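# Notes for the structure review
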Amino acid sequence: MPSPFETDAGLLALAARFPAGFHLGASTSAFQIEGATRADGRGRSWWDDFCDQPGRIADGSNGDVACDHYRRWREDLDLIASLGHNAYRFSVAWPRVLPQGRGAVNSAGLDHYERLVDGLLERGIAPYLTLYHWDLPSPLAKAGGWQVRDTASAFAEFADVVARRLGDRVHSYATLNEPRCAAFVGHLEGRHAPGWQDGAAAVRAAHHLLLAHGLAMPALRANTRQARCGIVLDVKPYDPADPNSAADVAAAHAGDGVFNRWFLDPIFRGHYPQDVWDGFGSWAPEVHAGDMAAIAAPIDTLGINYYTRAVVSAVPGEVYPGLVEVRVPGQHYSHMGWEDHPDGLRRMLRRLHEDYRVPDLFIAENGAAEPDVLSPEGRVDDPARLRYLQGHLAVVAEAIEAGVPLSAHLVWSLMDNFEWGRGYVPRFGLLYVDYANGQRRILKRSGAWHSALAKAALTGGAARS
Ligand code: FCB
């Protein structure tokens, strides 16, 4: 039985709910798709170094080839255009542009992103550029990485170099992708570069990442007049496993504090949330005069990455925030073990709009990894991802109707790619990548549906305006 959104009438009705000019497209990041890690003067990043350490990446892989996008960018842009997308999010590899992290600019690296941006514009696709999607240049990592304040200044110099060249050709600049993940997954959970397990280091990294964002904003402003400038945060609601348990409710509040409020409050309110500060205790960061004002510099737009919610039980005696995530029986969990829960997106959007008064929001990442199989006929039938996208896009339409200032929905990901510590096993793409057979890109069933939706929305939008 196809879902109501899969029939022609259902798809057209959904498409008509997106206003004219709304962006529908997909996202990627440099290290996950580019490959060509030694081409044209690129320096090394700490992700190259992390992949070199035995046991760090589940399938023993690295980013050396990835989807070979650095070489195939023209065909990939043609593919994006053929899908009917009117926006595309990518990131700039810092070590391609500044191989030492700061100082001498590698013009050849910058040329690549200039060609990419111009190629998008020629095809009528709005460029969404992220400056830092986790690939810190190795020389900066060796000098202390995000433990040292000076890395924030180096990042602002990088932002200046990129925005000086690309200026208003970029529709939307994001300083950082998911500082929460970069800080906590990299420095506390140890699953991402640099692979540490040190709480104080994680909170220090988070502060310096936020500072980097704050110092980069003026650099973006100085080089742009129309481009929208902001940051991308990962958000998820925390629900108590037992809503009648005071301990679970408190654990959910603490989880929300570490995951969401620790990043949202500084940016939109200019201070860290006191309960989380107290909860961190000796991990609390060293904040210098002026830091909070810099971090709270007004932004034009907030990108959010939404995948799932957390359902949590309290674990007494466990390190702050003292909780464990539990599964809800009967729900669908993706290949990543993430619940398909569109209502969490609805709730987060409402909260960002009502509590934080975010001026403009876009969904920078939203999608699902499923164990896709390429059939002998060359097809990928992925009903779970299709259901996921349909459910979440319906929530997006509903939020727009409820007055949330939403301007784009971008699927993670355009194509299957290097999923960090899990290597190439989880597949998130609208396009299947056949790595072993010439890197063929094959449109999945969900991708075909998404493309039909984007095309119908474009036509509907034209008719509406
Ligand atoms: C996000 C990352 C993105 C991708 C998805 C699955 O945290 O921003 O690069 O790995 O998760």
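A brief structural summary. (Residues numbered from 1 in each chain as written. Predicted model: local features only at pLDDT ≥ 70, side-chain atom pairs only at ≥ 80, totals over all residues. Heavy atoms only, no water.)

As a further point, take the overall build of the chain. A tally of regular secondary structure across the chain gives 16 helices and 13 strands. What you see for the chain is a C-alpha radius of gyration of 21 Å, in line with the 23 Å of a compact globule of 465 residues. For the chain, buried positions account for 61% of its 465 residues. Sequence separation of 24 or more characterises 76% of the internal contacts of the chain that already satisfy a separation of 6 or more. (Helix = DSSP H or I, 4+ residues; strand = E, 2+ residues; numbered from the N terminus. Rg over C-alpha atoms; globule rule 2.2 N^0.38 Å. Buried < 20%, exposed > 50% of the residue type's maximum accessible area, 1.4 Å probe, protein only. Contact = heavy atoms within 4.5 Å.)

The next point concerns the environment of Gly21. Mapped onto the secondary structure, Gly21 falls in the loop between helix H1 (8–15) and strand S1 (23–27). When the C-alpha atoms of Gly21 and Ala66 are compared, they prove to be 33 Å apart, with 45 residues separating the residues in sequence.

Here eight strands make up a closed barrel; going around it, the order is S1-S2-S3-S4-S5-S7-S10-S11 and the pairing parallel. In this sheet, adjacent strand axes meet at a mean angle of 25 degrees when their direction is disregarded. In this sheet, strand S2 (residues 87–91) lies alongside S1 in parallel orientation, the contact comprising three bridges. Paired with Ala26 across the strands is Tyr88, a residue of S2. With respect to the sheet, helix H8 (residues 150–166) is in contact with strand S3 (126–132) and strand S4 (172–177), its orientation differing from that of S3 by roughly 160 degrees. (Pairing = 2+ DSSP bridges. Axes fitted to C-alpha atoms, helices over the stretch in contact; angles between N-to-C directions.)

Looking now at helix H4 (residues 69–82). Helix length check: H4, at 14 residues, gives a terminal C-alpha distance of 17 Å against a target of 20 Å (1.5 Å per residue), a shortfall beyond 12%. Of all the bends in H4, the greatest measures close to 45 degrees and is centred on Glu75. Every buried residue of H4 is accounted for by His69, Tyr70, Trp73, Asp76, Leu77 and Ile80. Buried residues along H4 sit against helix H2 (30–33), S2, helix H5 (94–97), helix H6 (107–122) and strand S13 (440–443). Positive backbone phi, approximately 85 degrees, marks Gly84, located one or two places after H4. (Expected span 1.5 Å × (residues − 1). Bend = angle between axes of the 7 residues up to and from the residue.)

With that out of the way, let us pick up the packing of helix H9 (residues 179–189) against helix H10 (residues 199–223). Put simply, H9 and H10 touch, their axes get as near as 8 Å, and they point 155 degrees apart. As summarised for this structure, H9 and H10 are arranged roughly antiparallel, according to the angle between their axes. Between H9 and H10 the crossing geometry is right-handed. Here Pro179, Ala182, Ala183, Phe184, His187 and Leu188 of H9 come into contact with H10, specifically with Gly199, Ala201, Ala202, Val203, Ala205, Ala206 and Leu209. Broken down by class, the residue content of the contact of H9 with H10 amounts to eleven nonpolar, two polar and no charged. (Parallel < 35°, antiparallel > 145°, perpendicular 65-115°, else oblique. Left-handed = near helix turned anticlockwise from the far one by under 90°. Nonpolar A, V, L, I, M, F, W, Y, C, P; charged D, E, K, R; others polar.)

With respect to topology, three strands assemble into an open sheet ordered S6-S8-S9, the strand pairing being mixed. In this open sheet, the two edge strands, each paired with only one partner strand, are strand S6 (238–240) and strand S9 (323–325). Across the sheet, the mean angle from the axis of one strand to that of its neighbour is 45 degrees, orientation sign disregarded. Two elements, S6 and strand S8 (residues 310–314), share three bridges in a ladder whose sense is parallel. Bridging from a neighbouring strand, Pro240 pairs with Val312 of S8. Across the sheet, helix H11 (residues 246–269) is in contact with S6, S8 and S9; its angle to S6 comes to roughly 170 degrees.

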